[in-house]
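# Structural overview for review
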Amino acid sequence: MGTVQSEIKFSEEKLKKAQEIISRYPESRQKSALLPILHLAQREFDGWLSVPVMDYVATLLNIKPIEVYEVATFYTMFNLKPVGKCLIEFCRTGPCMHNRADQIIEYTEKKLGIKVGETTTDNKFSLKAVECLGACGYAPMAQIGKFYYEHLTEEKMDKIIARLGQEDFNPDNKYEI
Amino acid sequence: MARKLLLENINVPGVKSFNVYRANGGYRSVEKALKTMSPDDVMEEVKKSGLRGRGGAGFPTGMKWSFLDRKSDKPRYLVCNADESEPGTFKDRFLMEYIPHLLIEGLIVSSYSLGSNTTYIYIRGEYRWIVDILENAIAEAKHNGFLGKNILGSGYDLEIYVQPGGGAYICGEETALIESLEGKRGNPRMKPPFPAISGLYNCPTVVNNVETLATVVPIINMGGDEYAKIGVGRSTGTKLISACGHMNKPGVYEIELGLPVDEFLNSDEYCGGIRAGHTLKAVVPGGSSVPILPAELFYKTKEGVARLMSYESLSEGGFASGSMLGSGGFIAMDETTCIVRNLWNFTRFYHHESCGQCSPCREGTGWMEKVLHRLEHGHGSMSDIDLLVDIAKKIEGNTICPLGDAAAWPVASHIRHFREEFEYHVKFPEKVAHSPFAHSVDYKRELNTVLQ
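Residues numbered from 1 in each chain as written. Chains lettered and ligands numbered in written order. Predicted model: local features only at pLDDT ≥ 70, side-chain atom pairs only at ≥ 80, totals over all residues. Heavy atoms only, no water.

### Description of the overall build of chain A
Along its length, chain A carries seven helices and four strands. Each helix and strand of chain A, ordered N terminal to C terminal, gives the series α-α-α-α-β-α-α-β-β-β-α. Since a compact globule built from 177 residues should have a radius of gyration of about 16 Å, the 17 Å found for chain A is in line with a globular shape. In terms of principal-axis extent, the alpha carbons of chain A reach across some 50 × 30 × 25 Å. A buried classification covers 54% of the 177 residues belonging to chain A. In the form shown here, chain A has an accessible surface area of approximately 8,000 Å², with 50% of it arising from carbon and sulfur atoms. (Helix = DSSP H or I, 4+ residues; strand = E, 2+ residues; numbered from the N terminus. Rg over C-alpha atoms; globule rule 2.2 N^0.38 Å. Buried < 20%, exposed > 50% of the residue type's maximum accessible area, 1.4 Å probe, protein only. Areas by Shrake-Rupley, 256 points an atom, 1.4 Å probe, with all protein chains shown as cover.)

### Quick look at the overall build of chain B
A count of helices and strands for chain B gives 20 helices and 13 strands. For a compact globule of 452 residues, the expected C-alpha radius of gyration is about 22 Å, and chain B comes in at 23 Å, within 12% of that figure. Referenced to the eigenvectors of the C-alpha coordinate spread, the extents of chain B come out at roughly 80 × 45 × 40 Å. For chain B, buried positions account for 62% of its 452 residues.

### Some remarks on the pattern of salt bridges
A complete count under the given rule lists 46 salt bridges over all chains for this structure. The salt bridge partner of Glu154 of chain A is Arg100 of chain A, with a shortest N-O separation of 2.8 Å. One end of the pair, Glu154 of chain A, is in helix 7 (residues 154-164); the other, Arg100 of chain A, is in the loop between helix 5 (94-98) and helix 6 (101-112), with 54 residues separating them in the sequence. Look at Arg100 of chain A and you get partly exposed, because its relative accessible area is 38%. For Lys115 of chain A, the salt bridge identified is with Glu109 of chain A, shortest N-O distance 3.9 Å. In the salt-bridge network here, residues are joined through shared partners; they are Lys17, Glu20 and Arg24 of chain A together with Glu135 of chain B. (Salt bridge = Lys/Arg side-chain N within 4 Å of Asp/Glu carboxyl O.)

### Some details on the interface of chain A and chain B
Between chain A and chain B, the residue contacts involve 43 residues of the former and 57 residues of the latter. Taking both partners together, chain A and chain B bury about 4,100 Å²; carbon and sulfur atoms supply 55% of that area. Linking chain A with chain B are six salt bridges, by the criterion used here. Remark: the boundary between chain A and chain B carries 28 residue pairs in polar contact (both at pLDDT 80 or more). (Contact = heavy atoms within 4.5 Å. Buried area = accessible area lost by both parts, 1.4 Å probe. Polar contact = N/O pair within 3.5 Å; in protein donor to acceptor, adjacent residues only side chain to side chain.)

### What to know about the pairing of strand 10 (residues 280-284) of chain B
Residues and elements named next belong to chain B. Most of strand 10 sits out of view: five of its five residues are buried. Pairing between strand 10 and strand 13 (residues 329-334): four bridges, direction antiparallel. Within strand 13, the residue paired with Ala282 across the bridge is Met333. Two strands pair when backbone bridges link them, and strand 10 and strand 11 (residues 293-294) are joined in this way by two bridges, in the antiparallel orientation. (Pairing = 2+ DSSP bridges.)

### With respect to the state of the cysteines
What we call a disulfide is simply a covalent bond connecting the sulfur atoms of a pair of cysteines. A complete count under the given rule lists zero disulfides over all chains for this structure. For Cys171 of chain B, which is in no disulfide, the shortest distance to another cysteine sulfur is to Cys355 of chain B and amounts to 9.1 Å. The class of Cys171 of chain B is buried, set by a relative accessible area of 0%. The closest cysteine sulfur to the non-disulfide-bonded Cys244 of chain B is located on Cys136 of chain A, 4.8 Å from its own sulfur. Of the residues examined, Cys244 of chain B reaches a relative accessible area of 0% and is grouped as buried. (Disulfide = S-S within 2.5 Å.)

### Observations concerning the sheet that holds strand 2 (residues 125-130) of chain A
Residues and elements named next belong to chain A. The strand order across the open sheet built from four strands is 2-1-3-4, with neighbouring strands paired in mixed fashion. Edge strands, defined here as strands with exactly one partner in the open sheet, are strand 2 and strand 4 (147-149). Between one strand axis and the next, the sheet turns through 30° on average, direction left out of account. On the sheet, helix 7 packs against strand 1 (86-91), strand 2, strand 3 (142-144) and strand 4 and is oriented at approximately 160° with respect to strand 1. (Axes fitted to C-alpha atoms, helices over the stretch in contact; angles between N-to-C directions.)

### What about the packing of helix 2 (residues 28-36) of chain B against helix 9 (residues 210-222) of chain B?
All names here are of chain B. At their nearest, the axes of helix 2 and helix 9 sit 9 Å apart, and the two run at 60° to each other. On the basis of their axis angle, the class for helix 2 and helix 9 is oblique. In this structure, helix 2 meets helix 9 at a crossing whose hand is left-handed. Along its contact with helix 2, which presents Arg28, Ser29 and Lys32, the element helix 9 presents Val217, Ile220 and Asn221. Class assignment for the residues of the contact of helix 2 with helix 9 results in two nonpolar, two polar and two charged. (Parallel < 35°, antiparallel > 145°, perpendicular 65-115°, else oblique. Left-handed = near helix turned anticlockwise from the far one by under 90°. Nonpolar A, V, L, I, M, F, W, Y, C, P; charged D, E, K, R; others polar.)

### Examining the nonpolar core
Residue and element names in this part refer to chain B. If you look at the biggest cluster of nonpolar residues, it comprises 169 residues, and the most contacted ones within it are Leu103, Ile104, Ile121 and Phe422. Leave out the neighbours within four places in its chain, and Leu103 touches Cys80, Leu95, Met96, Ile121, Leu134, Val210 and Leu213. Grouped together as the second largest cluster of nonpolar side chains are 26 residues, Leu257, Val283, Met309 and Ala332 included. (Core = buried A, V, L, I, M, F, W, Y, C linked by side-chain atoms within 4.5 Å.)

### Focus: the sheet that holds strand 1 (residues 76-82) of chain B
Residues and elements named next belong to chain B. Ordered by their spatial adjacency, four strands build an open sheet running 3-2-1-4, and the pairing between neighbours is parallel. Strands at the two margins of the open sheet, each flanked by one partner only, are strand 3 (159-164) and strand 4 (205-209). Taking each pair of neighbouring strands and ignoring which way they run, the sheet shows an average axis angle of 20°. Pairing between strand 1 and strand 2 (residues 116-123): seven bridges, direction parallel. Residue pairing for strand 2: Cys80 is matched across the bridge by Ile121.

### Considerations on the packing of aromatic side chains
Enumeration according to the criterion identifies 33 aromatic pairs over all chains in this entry. Look at Tyr148 of chain A and Trp129 of chain B: their rings are 4.6 Å apart centre to centre, the planes differ by 65°, and that puts the pair in the edge-to-face class. Note that Tyr148 of chain A is positioned in strand 4 and Trp129 of chain B in helix 7 (residues 128-143), a pairing that runs across two chains. For the pair formed by Tyr148 of chain A and Trp129 of chain B, the shared burial category is buried. Aromatic rings pair up to connect Tyr253, Phe264, Tyr270, Phe298, Tyr299 and Phe330 of chain B into one cluster. Of note, Lys174 of chain A hangs over the ring of Tyr149 of chain A, and the distance from its end group to the ring centre comes to 4.4 Å. (Phe/Tyr/Trp six-rings, centres within 6.5 Å; stacked < 30°, edge-to-face > 60°. Lys NZ or Arg CZ within 6 Å of the ring centre and 35° of its normal.)

### Some points on the confidence of the model for chain A
Predicted confidence across chain A gives a mean pLDDT of 94, with 97% of residues reaching 70 or more. Across chain A, element-level confidence peaks in helix 4 (residues 65-72) of chain A with a mean pLDDT of 98 and bottoms out in helix 5 of chain A with 94. (pLDDT = per-residue confidence, 0-100.)

Below is the structure:
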C-alpha cells in the first residue's frame, strides 16, 4: 500500500479480464466498459485512481482522458486520493441512522483516532461515510472491501479493527467476525 | 401461511446452484415459452397478469413492453435494473443473492419476448459479491444450454452480461442508467424519445427492475389469468417488501398484495410488531422518497377505511393523507424517532445523489439540507419551516427526472404531518442541539405547555 504508482500497467491476468469485459459490448461501443474497468483498475492499483491510472484506462479503451476523468469524478465508489489498506465505508442513511449508525461511526473515529475522510498514519485504515448501501434490514452496517459487515455494535467494531488491521488483510476476503 | 411465488424455494438447501434450482422446477418457464409460445404470446400473458413494475413507479409491465419499437432494424435490448439504492429498499439484493437463477430465468423469457439477443444486468457497484453470484449463475445456465446460441434448439440466441455501476442513486432512473451503461456520467436524458424507441446505443430498449423480471417466471408457469386472480384490484400478484426500522423482525417478505398493513407490521409471520416497550410513530411504506404517514393514517385512511398493502390503498387520499407502495421499502419508526432529524438525513441523501443537471434539484436539495441542518441543531426559525415547503414546491415537477420529486415529497409530507415537531425545534433549541433523539418522546407535551 502506498501513494507512489510507479508502473501503470495491468497484470497479464487483469489485462485478459479487461479485454473480456470490452468484448461484452458492440463494436465501437467499448466505452461501455469504462465503469467495470475503472473498478478493475482501482483494485489493481492500491485502491485508488490516480491521473496516470485514469490515463492508462483511457488508452486501453481508446477514448480521451477527459472522458475517464468526468466519469471517475461523478461516481462515489472511485477514490481519487490514496486510501488505507482497509477502507471502512459506513452507511449513515435513514434506517442505519435509526439503528445507531452515527454512534458507531463516532466510536470508530475515536478508536482509530481519525475522522471520516481520513487515513491512519500507518496507512492501515481509512474511514468513509456513504449513502444507502441497501442493507437497511441489517443496520447499522459498513462495507469493507468486497463484503458487507452488518448489525454492527461497538464490540463488533473492536473485533473488526483487530482482525482487519492484521498484515494479511485482503479486501476480497470475507472475514467472520 | 401466505402464498409464495418468488420465494417458494428460498429455504431449499443449495438453491443458489443450477442443479438444485432445476430439480425444484426451475427453468420450466423457459422451456414453455421457447418451445410452445411466440414472443407475442409471452407478452400477452404478462399483459393479462396485470403485473406492475416493481421498481417503484408501478407502470404496467406488459404495456411498457408493447411500446418497444419492433419495426426498427436496430438490435433491441433488455436492461435489468439492479441498481437498488433507495433507502429502505433491499429486496432485489435478497433475490439476487439467494435465488439468482430466478432472475436469470426471468431474463431469458423476457428477452425472448422482446427479441433481445444481448441483455445487461446493471447492478449497483457496491453489491460486488453479488456480481460473482450472478456471473456464476449465468455460466451455469449457459453450460446447461439455457443461454448462448440456439437455446433448447429453438433458434433463439441470448447472452447476458453483468455491469456494475459506480455508486450513484440516480442511475436507478432508466435513462441515467442507460447513460451509465454507455460509459458516461449518470445524467438522465430528456424524454421523449423514450427508451422503447431510442435507448441503449440509440436502439429500442426496455428497462425493467429485478423483481419485475423475476415475476415473469411464475406468470408464464401459471398463466397470466391465474396470476391476476392473486391480489386485490389492479394490484395483482405478490410483492417483495423489504422491512426495516424499529421492528422486531426486519427482513424481506413476500406478500400477496392486499394484505392488511396491520397484519404485515404486527403479525409474527412478518415484521413481528414494533420493538418491545415502544409505539409506532410513523411509516414510510415505499422507500424514502414516498410521503411519510403518521401511525393513525398508516393503519386507516382519512375516511377510516383499513389500509392494505396495495398500490391503490396506500395512495388513498393522494399526497394529502396517503402515500405510495413505491419500491416496497418499508421503514417503520417508533416514538423515539426525531422527525426533523429523519428528514434532514433523507434530504442529505437526495442532495448528495442529485446529478446536478437541473438547477432546482442541484441547488434546492442543498438549500433544504442546510435549512434542516440548522433546524435540527437548534438554530432554526419559524420562517424556515415555510421556506422548506416553498423550496420543495419549486423543485417538484421542474426537473428532467423524478429525483427532484423524490427529494420534495418527503419534505412536504414530513412538515404536513409533523409541523408541531418542527416548531418544537425552534422553540426549544437547547433540547435538540445536543440530544438528537432523546427529545422526541416528550416534544408534544412540552410544546403544548408553551402554546398554552
